[in-house]
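As a plain string of letters, each chain reads:
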Amino acid sequence: MDYNKENKGFVCFVYNFQRTLVPWAALLAVLATLFALSFSFENSLLLAQLRFALVFIAFGAVIAMINPKSFIVKLVAYAFIFLGVIFGLSYSNGAENFNAGEPVVSFPFGLELDSLMPAVFAPDSANFFGSNEAREVISLVGFGSFAIIGALFLVMILSWFVYNARSSEINPI
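Note that the structure is a prediction, hence the values are computed from the model and not measured. Counting restarts for each chain, with residues numbered from 1 along the sequence as it is written. Whole-chain, interface and lining totals are the exception, using all residues; otherwise, since this is a predicted model, local features are given only for residues with pLDDT of at least 70 and side-chain atom pairs are given and counted only at 80 or more. Computation of side-chain values: all heavy atoms of the structure, hydrogens and water removed.

Across its full length, the chain holds 8 helices and 0 strands. Secondary structure elements follow DSSP: runs of H or I no shorter than four residues count as helices, runs of E no shorter than two count as strands, and numbering proceeds from the N terminus. In the chain, the order of α-helices and β-strands from amino to carboxyl end is α-α-α-α-α-α-α-α. Buried residues are those whose accessible area, probed at 1.4 Å on protein chains only, stays under 20% of the maximum for their type, while exposed residues exceed 50% and partly exposed ones sit between those limits. Of all 173 residues assigned to the chain, the portion counted as buried reaches 40%. The contacts of the chain with a sequence gap of at least 6 include a subset with a gap of at least 24, amounting to 77%. Here the chain displays about 9500 Å² of accessible surface, and carbon together with sulfur accounts for 69% of that area. What makes two residues a contact is simply this: any of their non-hydrogen atoms within 4.5 Å. The protein chains shown are the only cover counted for residues, whose accessible areas, like all others here, come from Shrake-Rupley with a 1.4 Å probe.

Taken together, the side chains of Phe 71, Ile 72, Leu 75, Val 76, Leu 154, Leu 158 and Phe 161 present a nonpolar region at the surface, about 610 Å² in accessible area. At the level of secondary structure, the elements contributing two or more residues to the nonpolar patch comprise helix H4 (71–93) and helix H8 (132–170). With 4 residues, H4 is the largest single contributor of residues to the nonpolar patch. Within the secondary structure, Phe 161 sits in helix H8. Classification of Phe 161 as partly exposed rests on a relative accessible area of 37%. Each patch is built from salt-bridge-free residues with over 30% relative accessible area, joining like charges within 9 Å and nonpolar side chains (Val, Leu, Ile, Met, Phe, Trp, Tyr) within 5 Å. One speaks of a salt bridge when a side-chain nitrogen belonging to Lys or Arg is within 4 Å of a carboxyl oxygen belonging to Asp or Glu.

A few words now on the side chain of Lys 74. Here Lys 74 lies in helix H4. What makes Lys 74 buried here is its relative accessible area of 1%. Excluding residues within four positions of it along the chain, Lys 74 makes contact with Gln 18, Arg 19, Trp 24, Pro 68 and Trp 160.

A few words now on the nonpolar core. Of all hydrophobic cores here, the largest spans 36 residues; its most connected members are Trp 24, Leu 27, Leu 31, Ile 57, Tyr 78, Ile 81 and Phe 153. When contributions to this core are tallied by element, the ones reaching two or more residues are helix H1 (10–18), helix H2 (22–37), helix H3 (45–66), H4 and H8. With 13 residues, H3 is the largest single contributor of residues to this core. If we skip the residues at most four places from it in the chain, Leu 27 touches Ile 57, Ala 61, Ile 81, Ile 149 and Phe 153. As used here, the term nonpolar core means buried Ala, Val, Leu, Ile, Met, Phe, Trp, Tyr and Cys residues forming a set that is joined through side-chain atoms within 4.5 Å.

Attention now moves to the packing of H2 against H3. Here an axis means a line fitted to C-alpha atoms, over the contact stretch when the element is a helix, while the angle between two N-to-C directions is reported on a 0 to 180 degree scale. It is the contact of H2 with H3, at a shortest axis distance of 9 Å, that shows an interaxial angle of 160°. Judged by the angle between their axes, H2 and H3 are roughly antiparallel. The handedness of the crossing between H2 and H3 comes out as left-handed. Taken together, the residues of H3 that come into contact with H2 (itself represented by Trp 24, Ala 25, Leu 27, Leu 28, Leu 31, Leu 34 and Phe 35) are Arg 51, Leu 54, Val 55, Ile 57, Ala 58, Ala 61, Val 62, Ala 64 and Met 65. Think of it as three bins: nonpolar holds Ala, Val, Leu, Ile, Met, Phe, Trp, Tyr, Cys and Pro, charged holds Asp, Glu, Lys and Arg, and polar takes everything else, Gly as well. In the contact of H2 with H3, the residues fall into 15 nonpolar, no polar and 1 charged. Any angle from 65 to 115 degrees is called roughly perpendicular, while one under 35 is roughly parallel, one over 145 is roughly antiparallel, and all others are oblique. By convention, the crossing between two helices is left-handed when the near helix turns anticlockwise from the far helix through less than a right angle, and right-handed when the turn is clockwise.

Below, the discussion takes up the packing of H3 against H4. The N-to-C vectors of H3 and H4 enclose an angle of 165°; their axes lie 7 Å apart at closest approach. Overall, the two elements H3 and H4 adopt an arrangement that is roughly antiparallel. Remark: the crossing between H3 and H4 carries left-handed chirality. Contacts between H3 and H4 involve Leu 46, Gln 49, Leu 50, Phe 52, Ala 53, Phe 56, Ile 57, Phe 59, Gly 60, Ala 61, Ile 63 and Ala 64 from the former and Val 73, Val 76, Ala 77, Phe 80, Ile 81, Leu 83, Gly 84, Val 85, Phe 87, Gly 88, Tyr 91 and Ser 92 from the latter. The class makeup of the residues in the contact of H3 with H4 is 19 nonpolar, 5 polar and no charged.

A cavity here means a set of points on a 1 Å grid, drawn over the protein atoms and nothing else, where a 1.4 Å probe fits but cannot get out; a pocket is an open set with protein on both sides within 12 Å along at least five of seven lines, and a residue lines either one if it has an atom within 4 Å of a point. Grid points are joined across faces, edges and corners, and a volume is the space filled by probe spheres set on the points. Reported here for the largest pocket is a volume of approximately 270 Å³. In terms of lining residues, the largest pocket is bounded by 15 residues, among which Pro 23, Ile 148, Leu 152, Phe 153 and Met 156 are the most central. Secondary structure elements with two or more residues in the lining of the largest pocket: H1, H2 and H8. When the residues that make up the lining of the largest pocket are grouped by side-chain class, the tally is 14 nonpolar, 1 polar and no charged. If you add up the space inside the second largest pocket, you get close to 230 Å³. Of all the secondary-structure elements, those providing two or more residues to the lining of the second largest pocket are H2, H3 and H8. No other element matches H8, which puts 6 residues into the lining of the second largest pocket.

Next comes the structure, spelled out in structure tokens:
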């Protein structure tokens, strides 16, 4: 029995769905909304780091939109998305931001985004860490958002792998 017939179960539905532009455009819309909402708070280190994670995920979505049917393109896109989710979850935890004696802005890969785009990635010097209430809200919303994005895209990549594994069992390679 060929389980990979069109519209035959959840895995096939998710596989066919991710081969369209719809999930990638929806992800970009969600990321743009979260990015815009981040400017409604006073600029702090946590917000600058969460914006970096959002931009990293958005870069992965843009890569996937180039050709959502290409294996290599989607693999690179998923790598960017999951790295962005990992960064976002790590920053939302916030433990590493407040243990240092001297406030330092740092981004992965040695990127100095705070000097390249200070309006977006440099925290206010007077409000480097932000207020406790704002930090708690931002951490909670950030963690929830990144966890949901990560879970949805984990289901998508696992469906993609299961679909391809079942295809190779059924169809000779």
